[in-house]
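# A closer look at the structure
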Amino acid sequence: MTGQERYNVAETERRWQKAWDGKKCFAAQEDPSRPKFYALAMFPYPSGKLHMGHVRNYSLSDVVARFKRAQGFNVLNPMGWDAFGLPAENAALERGVHPRKWTLENIAVMKGQLKSMGLAIDWEREVTTCLPEYYRHEQKFFLDFLKAGLAYQKESMVNWDPVDNCVLANEQVVDGKGWRSGAPVERRTLKQWFLKITDFADDLLDGLKTLDGWPDKVRLMQENWIGKSQGLKLRFDIVNHEDRQIEIFTTRPDTLFGASFVALAPDHPLSLELGEKDAGIKDFIAECRRLGTSEATLEKAEKNGFDTGLQVHHPFLKNKTLRVFIANFVLMDYGTGAIFGCPAHDQRDLDFARKYALDVQPVVIPLSSDPGTFTVENEAYTGPGHLCHSDFLNGMTVEDAKAEVIRRIEGMNRGEGTTLYRLRDWGVSRQRYWGCPVPVIHCEKCGVVPVPEKDLPVTLPEDIDFKKPGNPVANHPTWKNVECPQCGGAAARETDTFDTFFESSWYQFRYTDAHNTERGFDKAKADYWAPVDQYIGGIEHAVMHLLYARFFTRALKKCGYISCEEPFTALFTQGMVTHMSYKDEDGKWIYPDEIEKGHNGALVRKSDGAPVAPGRIEKMSKSKKNTVDPVEIISAYGADAARLFILSDSPPERDLEWTEAGIDGAWKYVNRLWRLVNGGGSAPHEGRGGAAADADACMALRRKIHVTIRDMTQDLEKFHFNKAVAKMRELSNALEAFDGDATVFREGLETLIKLMSPVMPHLAEELWAQLGHATMVVDEKWPEADPALCVSDSVTMAIQVNGKLRATVTLPRGMEKQAAEKAALAEDAVQKALDGKSPKKIIVVPDRIINVVV
RNA sequence: GCGGGCGUGGCGGAACUGGUAGACGCGGCAGACUUAGGAUCUGUUGAGGCAACUCGUGGGGGUUCAAGUCCCUCCGCCCGCACCA
């Protein structure tokens, strides 16, 4: 035994981190002779310092990487920085720091913090997306996409701040106003770059079926996001202007006879045309535009409409006309930007109809209802049923009626059945500085000219002024002035930069060949490692990032860069890290470490003893001041304790509440394990005989060891890390209580150390060394369970009478049903519960339960 | 508003395909030790009851010999909604 009294965490963790580095334990190399495993955690935005969400994310991926490595896989576990984005520009504006400087300094700090976690990362492959070495390749991809017809320009809506003269992110619009200027935001159009993700809509949908390593909820969310639907495009003639028509889209053509109005999006061309002639309409459209572009805001706003005074003819009913409204809930981006409203069968239409006193005529009713009496009051009927009040559709099912209406409308040449997607093309243009420049040049003569490949990368201007309102890149005095590569005349660079989802759509491939200067990555290398075997990150990325990356992979495949279609074979989405929030008497948020328990047990502020009230448990955020700094935790308790706490208790997909008690408990366990090896407590150091009396205890411990190997292995495979930790504790409890043969004890100890190593790698190394090994546990093979040692020959069965537990009996495993019945009836408690009555039926589930029914 | 999810002791959670609800831990209670430590160790701990036993998985209803698990319905909380990452 060593002479140490206490476990010196800080020194030990640093020492093993150095040892791993020194031996380049986690440097990955292609090796076709071994099965590969690509573990990837979503890379962080370098915001300045590590937060607990990062610690959770990277603890999870590290367990996977270390576990797979021990199992003999050739593991790639890289890390990098999602380094472009708005916060760097905000910092520039607020503190006068250049975004590049701010970002790179943050990266340096955060890298040090990540390293203190002891992660099994191949740092040689680190990528930083804001550096030209990275983004030059995506400029090349973009040029390829352009050639392949996957990139194009079109007019599209943005949030416009009329005071700061700039485009605002949805996040920067607060209550319809610009977050800095406070000016009411307007929706306006701007010519922007798009990628044709819609070309892949069906393919992305089909691909979901193959992703059985993904959570069903994420697949479902993506399916709904793509939103494939069958419907009808239908043209209504305008009354008194029969040469003009309004084309609508509907997924419910069956309800056409229940239509009571037609509504246009505020940005619909006809709305705009009418607005030119009518000040009331113009004002209404302007009003709608003040809501900005966020779909959530539009949908949540009160349903408002404006009667245009126009009417349209119903296609089947000669004498029926419908009023035409402009309505704030109709989206220009979906379908044709116009709908017909059937209030009885759509809640929004119903709310609208009640507000504007329009007809509500049910035309689909449940099978059991009577068309004469069925009415809709405040709730639209959207269920199945058959048609009524609908002329030639009467009696049909919804499905048949849809088909019939489409058939007839097509026959009348008034429209056609259509497949429509909710998915829109991906707008990648941003009018910002801190992003990758879009590599094209605008020439008055030649139009849009791609930057020649030899001129890549197009780098950002260094000297940049954020004070002037507007796009800083466009404001630069000289940067955009270039010669046209085609005609040599004066031309202007594109000043838009890419959406930062562009960088995160292909980084998983860059890691496979991170230093390639010729191209984004070598195909052979990428094909060896890709796709990612296990991707881990937050559920908030369920749709956008993950869908963009899936699309990008397909686009890269189309351009010949990669062989796989899906970037991520398996996905795990972790929950958030939450913490209690606190407020002082004035209702101001206050940090947890500013608080202590006062004399009477109530919470008070350390500085002045003022009372503090606990608020709610919510996601850690700076604004609520309920954050806990991982750096402080790691320096106080060590990385192993932090990792242990994060992995125990809460299942990783659920929210994790950070608590002082929890990290304390983890810390105690770390020390307990240390003492288990270093003596103290009741642990035996040496054999105490090996007498016959020990045989049962030895057998029981060996069974425990092998059951633990079996169960922990399964738990780790299935991401049940909290359960794996519980099993680990059971084994260490058994070892502490064991009083028998030293060889068996040592087998238990060594197994325990190997099993703990993915979770607490530093401690595992230290204990392994203390047991006298010259090797590192990181190089040890994962233990294998002996199935013969896992089973015991007896089993405890529950005995119920009428479904209520009355007794338990220990019986030989695999006992015959009849013998089990007999044993059950022999129990006193069972006889008592029977109270003289004879059993009607006895249900025996072998090795489980016996239920006596009276 | 639309789409997706979650809900079990004082707390975090466990419970394989419907089969002993509460593994493991935190906290609590009682005790031991004294090297008074960030201690440690032992016992106990869902609620009610002296007990037999009864009640218990967000609320209400249902299916079943048997429901945390399946079905219906209601409530609460969380995530995403296309320019935050």
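Please refer to the structure placed before this passage.
This report concerns the structure included in the present document.

The rules we used
Residues numbered from 1 in each chain as written. Chains lettered and ligands numbered in written order. Predicted model: local features only at pLDDT ≥ 70, side-chain atom pairs only at ≥ 80, totals over all residues. Heavy atoms only, no water. Helix = DSSP H or I, 4+ residues; strand = E, 2+ residues; numbered from the N terminus. Buried < 20%, exposed > 50% of the residue type's maximum accessible area, 1.4 Å probe, protein only. Contact = heavy atoms within 4.5 Å. Areas by Shrake-Rupley, 256 points an atom, 1.4 Å probe, with all protein chains shown as cover. Lys, Arg positive; Asp, Glu negative; His and termini not counted. Charge placed at Lys NZ, Arg CZ, Asp CG, Glu CD. Near = heavy atom within 4 Å. Polar contact = N/O pair within 3.5 Å; in protein donor to acceptor, adjacent residues only side chain to side chain. Pairing = 2+ DSSP bridges. Axes fitted to C-alpha atoms, helices over the stretch in contact; angles between N-to-C directions. Salt bridge = Lys/Arg side-chain N within 4 Å of Asp/Glu carboxyl O. Arc of directions from axis to C-beta. Core = buried A, V, L, I, M, F, W, Y, C linked by side-chain atoms within 4.5 Å. Phe/Tyr/Trp six-rings, centres within 6.5 Å; stacked < 30°, edge-to-face > 60°. Lys NZ or Arg CZ within 6 Å of the ring centre and 35° of its normal. Expected span 1.5 Å × (residues − 1).

## Regarding the overall build of chain A
Counting its secondary structure elements, chain A contains 26 helices and 37 strands. Along the three orthogonal principal directions, the C-alpha set of chain A runs to about 105 × 85 × 65 Å. A total of 854 residues make up chain A; the buried ones form 52% of that total. A sequence separation of at least 24 residues applies to 71% of the contacts in chain A between residues at least 6 apart. When the accessible area of chain A is evaluated, it comes to approximately 38800 Å², of which 49% is carbon and sulfur surface. In chain A, 108 positive and 121 negative side-chain charges are present, and the distance between their average locations comes to 1 Å.

## Remarks on the protein's contact with RNA strand B
Contacts to RNA strand B come from 69 residues, most closely from Arg432, Tyr637, Lys723, Arg848 and Asn851. Close to the protein, within 4 Å, the atoms of RNA strand B are drawn from sugar and phosphate at a rate of 60%. The contact in question runs from a base oxygen of RNA strand B to an N or O atom on the side chain of Arg432, over 2.3 Å. Ala636 is positioned such that a nitrogen or oxygen atom in its backbone is 3.1 Å from a base nitrogen of RNA strand B. In terms of residue count, helix α21 (residues 721-737) provides more of the surface near RNA strand B than any other element does, 6 residues in total.

## Examining the sheet that holds strand β2 (residues 74-76)
Strand pairing in a sheet relies on backbone hydrogen bonds. The paired strands run either parallel or antiparallel. Read across the open sheet, the 4 strands follow the order β2-β1-β26-β27; overall the sheet is parallel. Each edge of the sheet is formed by a strand with only one pairing partner; in this case those strands are β2 and β27 (571-574). Strand-to-strand twist across the sheet, computed as the mean angle between neighbouring axes with direction ignored, equals 20°. The pairing of strand β1 (residues 36-41) with β2 spans 3 bridges and is classified as parallel. Residue Tyr38 lies in a different strand from β2, and its bridge partner there is Leu76. On the sheet, helix α2 (residues 52-70) packs against β1, β2, β26 (534-538) and β27 and is oriented at approximately 175° with respect to β1.

## Notes on the pattern of salt bridges
Applying the stated criterion to the full structure yields 57 salt bridges. For Asp513, the salt bridge goes to Lys525, with nearest N and O atoms at 3.6 Å. Taken together, the residues Asp513 in the loop between α14 (507-510) and α15 (523-529) and Lys525 in helix α15 connect sequence positions 12 residues apart. Here Lys525 falls in the partly exposed class, since its relative accessible area comes to 31%. Glu566 is the partner of Arg550 in a salt bridge, and the nearest nitrogen-oxygen pair spans 2.8 Å.

## With respect to helix α9 (residues 279-289)
Among the residues of α9, those classed as buried are Ile281, Phe284, Ile285 and Cys288. One face of α9 carries all of its buried residues, which in axial projection span an arc of 100°. In α9, the exposed positions angled more than 90 degrees off the buried face are occupied by Ala279 and Asp283. Where α9 is buried, its residues meet β9 (186-195), α8 (269-277), β13 (305-313) and β14 (321-327).

## As for the nonpolar core
Judged by nonpolar contacts, the single largest core of 166 residues is most densely connected at Leu556, Trp658, Met756 and Met760. If one sorts the elements of this core by residue count, α2 sits on top with 9 residues. The contact partners of Leu556, leaving out residues within four places of it in the chain, are Phe141, Phe145, Trp506, Phe509, Phe521, Tyr561 and Ile562. In terms of nonpolar packing, the next biggest core, distinct from the first, is built from 44 residues, Leu310, Ala338, Ala380 and Cys388 among them.

## Some thoughts on the packing of aromatic side chains
By the definition in use, this model includes 48 aromatic pairs. Ring geometry for Trp426 and Phe502: centres 6.0 Å apart, planes at 35°, overall tilted. Taken as a pair, Trp426 in strand β19 (residues 426-427) and Phe502 in the loop between β25 (497-498) and α14 lie far apart in primary sequence, 76 residues in all. Overall, Trp426 belongs to the buried group, its relative accessible area being 1%. In this structure, Arg66 packs its charged tip against the face of Trp20, placed 4.5 Å from the ring centre.

## As for the sheet that holds strand β24 (residues 490-493)
Across the sheet, 4 strands lie side by side as β22-β21-β24-β23; this open sheet has antiparallel pairing. Only two strands of the sheet have a single partner each, and these edge strands are β22 (447-450) and β23 (481-483). Sheet twist, expressed as the mean angle between neighbouring strand axes with direction ignored, is 40°. Across 3 bridges, the pairing between strand β21 (residues 440-443) and β24 is antiparallel. Its bridge partner lying in β24, Ile441 is registered against Arg493.

## Brief notes about the pairing of strand β5 (residues 151-161)
Successive side chains on a regular strand alternate, one facing one side of the sheet and the next facing the other. For β5 and β9, the ladder comprises 10 bridges, and the chain directions are antiparallel. Looking across to β9, one finds that Asn159 is bridged to Arg187. As paired strands, β5 and strand β6 (residues 166-168) are joined by 3 bridges and run antiparallel to one another. In the sheet register, Trp160 faces β6, and the bridge partner there is Val167.

## Remarks on the environment of Leu834
Along the chain, Leu834 turns up in helix α26 (residues 828-834). Residue Leu834 is classed as buried on the basis of its relative accessible area, which comes to 3%. Here the alpha-carbon distance between Leu834 and Thr129, two residues 705 residues apart in the chain, equals 74 Å. Those residues within four positions of Leu834 in sequence are excluded, and the remaining contacts are Val801, Leu825, Val852 and Val854.

## Structural notes on helix α12 (residues 398-411)
Taking 1.5 Å of rise per residue, the 14 residues of α12 would be expected to cover 20 Å, and the 20 Å separating its terminal C-alpha atoms lies within 8% of that figure. When α12 is considered as a whole, its buried residues turn out to be Val398, Ala401, Lys402, Glu404, Val405, Ile406 and Ile409. Among the residues trailing α12, Asn413 stands out with phi positive, at a value near 60°.

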